[in-house]
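# A look at the structure
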Amino acid sequence: KDDKIRINSIASMFTIFFNKNKKIDNYKKAKQSNTKKFAKFHQYLLQNKLYFPPSQFEACFLSMAHSTSDIEKTIKIIKAMITTSPTIITSIDIMN
């Protein structure tokens, strides 16, 4: 029942969904996502100067412009969120 973070990705693009479905592979499942929880996630990222797309129905992109330091900072902030805000993130599933 709990909405988990589901990350769908291909190459350097990824999308984050807060969703109870094990696999997000169609529009109907994507629309079942918890947009309120995503909004809290997005707000947390903004407060920590991470600029992700404002909707969980948009893709994030990694590029050569992102340094190793940028990626490590992002991971550190999201790990901190798991520790300090467990009502937002309880677990993460990554699907390719």
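It should be emphasised that the depicted structure is a prediction, and the values quoted were computed from it without experimental measurement.

## Notes on the pairing of strand β2 (residues 13–19)
With six of its seven residues buried, β2 lies for the most part within the structure. Across seven bridges, the pairing between strand β1 (residues 4–10) and β2 is antiparallel. The residue of β2 that forms the bridge with Ile-7 is Ile-16. Connecting β1 to the next strand, β2, in antiparallel fashion are two residues, including Ala-11 with a positive phi near 50 degrees. Summarising the sheet, β2 and strand β3 (residues 60–61) pair through two bridges and their orientation is antiparallel. Paired with Phe-14 across the strands is Cys-60, a residue of β3.

## Description of the packing of helix α2 (residues 35–47) against helix α3 (residues 68–84)
Between α2 and α3, the shortest axis-to-axis distance is 11 Å and the interhelical angle comes to 125 degrees. Comparing the axis directions of α2 and α3 gives the class oblique. In the crossing of α2 with α3, the sense of the turn from one axis to the other is right-handed. Residues Phe-41, Tyr-44 and Leu-45 of α2 touch α3, and the partners they reach there are Ile-77, Ile-78, Ala-80, Met-81 and Thr-84. Among the residues forming the contact of α2 with α3, the class breakdown is seven nonpolar, one polar and no charged.

About the thresholds
- Residues numbered from 1 in each chain as written.
- Predicted model: local features only at pLDDT ≥ 70, side-chain atom pairs only at ≥ 80, totals over all residues.
- Heavy atoms only, no water.
- Buried < 20%, exposed > 50% of the residue type's maximum accessible area, 1.4 Å probe, protein only.
- Helix = DSSP H or I, 4+ residues; strand = E, 2+ residues; numbered from the N terminus.
- Pairing = 2+ DSSP bridges.
- Axes fitted to C-alpha atoms, helices over the stretch in contact; angles between N-to-C directions.
- Parallel < 35°, antiparallel > 145°, perpendicular 65-115°, else oblique.
- Left-handed = near helix turned anticlockwise from the far one by under 90°.
- Contact = heavy atoms within 4.5 Å.
- Nonpolar A, V, L, I, M, F, W, Y, C, P; charged D, E, K, R; others polar.

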